[in-house]
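# A closer look at the structure
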Amino acid sequence: MDRRRLIMFLKILVFLLILMVMVFCIGIWEEGAKRGFAGMMFYVGLLFGMAGMYMAMKRESNLKS
């Protein structure tokens, strides 16, 4: 396996692990939250996800040029 694929695999693995930890922590936090909190957290997560993808695409385009 070449180095580039290994680094990409590690990045994806770390991203998924961080995502799992965040979901676990939010689940614990949500237990004491008021009604409607899950819907709000979905929209916040969606916003952060889109911002993260935008930053990743910008970074990738900067690395190519």
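Just above sits the structure.
To start, this report covers the structure provided alongside it. The structure displayed is predicted, hence computed values, not measured ones. (Residues numbered from 1 in each chain as written. Predicted model: local features only at pLDDT ≥ 70, side-chain atom pairs only at ≥ 80, totals over all residues. Heavy atoms only, no water.)

## Some words on the overall build of the protein
The helix and strand tally for the protein stands at 2 helices and 0 strands. The C-alpha atoms of the protein give a radius of gyration of 16 Å, which is well past the 11 Å a tight globule of 65 residues would have. Considering only C-alpha atoms, the protein reaches an extent of 50 × 25 × 10 Å along its principal axes. Taking all 65 residues of the protein together, 3% fall into the buried category. Of the roughly 6600 Å² of accessible surface on the protein, a fraction of 73% belongs to carbon and sulfur atoms. Within the protein, the 4 negative side-chain charges are centred at a point lying 9 Å from the centre of the 9 positive side-chain charges. (Helix = DSSP H or I, 4+ residues; strand = E, 2+ residues; numbered from the N terminus. Rg over C-alpha atoms; globule rule 2.2 N^0.38 Å. Buried < 20%, exposed > 50% of the residue type's maximum accessible area, 1.4 Å probe, protein only. Areas by Shrake-Rupley, 256 points an atom, 1.4 Å probe, with all protein chains shown as cover. Lys, Arg positive; Asp, Glu negative; His and termini not counted. Charge placed at Lys NZ, Arg CZ, Asp CG, Glu CD.)

## So, the packing of helix H1 (residues 3-30) against helix H2 (residues 37-64)
The geometry of a pair of packed helices is captured by two quantities: the angle between their axes and the separation between those axes. The contact between H1 and H2 brings their axes to 12 Å, and the two run at 160°. Viewed along their axes, H1 and H2 adopt a mutual orientation that is roughly antiparallel. For H1 against H2, the interelement crossing comes out right-handed. For the pair H1 and H2, contact is made by Lys-11, Ile-26, Trp-29 and Glu-30 and by Phe-37, Ala-38, Met-41 and Arg-59, respectively. Taken together, the residues of the contact of H1 with H2 break down into 5 nonpolar, no polar and 3 charged. (Axes fitted to C-alpha atoms, helices over the stretch in contact; angles between N-to-C directions. Parallel < 35°, antiparallel > 145°, perpendicular 65-115°, else oblique. Left-handed = near helix turned anticlockwise from the far one by under 90°. Contact = heavy atoms within 4.5 Å. Nonpolar A, V, L, I, M, F, W, Y, C, P; charged D, E, K, R; others polar.)

## What about H1?
Helix length check: H1, at 28 residues, gives a terminal C-alpha distance of 40 Å against a target of 40 Å (1.5 Å per residue), a fit within 8%. Among the residues of H1, the N-terminal cap falls to Asp-2, whose side-chain oxygen and the backbone nitrogen of Arg-4 are separated by 3.3 Å. (Expected span 1.5 Å × (residues − 1). Polar contact = N/O pair within 3.5 Å; in protein donor to acceptor, adjacent residues only side chain to side chain.)

## Overview of a nonpolar patch on the surface
A surface patch of nonpolar side chains, about 570 Å² in accessible area, is lined by Leu-6, Phe-9, Leu-10, Leu-13, Leu-17 and Met-20. Considering the arrangement of structural elements, one finds Leu-6 in helix H1. Judged by relative accessible area, which is 39%, Leu-6 ranks as partly exposed. (Patch = residues over 30% accessible without salt bridge, like charges linked within 9 Å, V, L, I, M, F, W, Y side chains within 5 Å. Salt bridge = Lys/Arg side-chain N within 4 Å of Asp/Glu carboxyl O.)

## Quick word on the environment of Cys-25
Looking at the secondary structure, you find Cys-25 in helix H1. Of the residues examined, Cys-25 reaches a relative accessible area of 44% and is grouped as partly exposed. A C-alpha to C-alpha distance of 14 Å links Cys-25 and Phe-37, two positions 12 residues apart in sequence.

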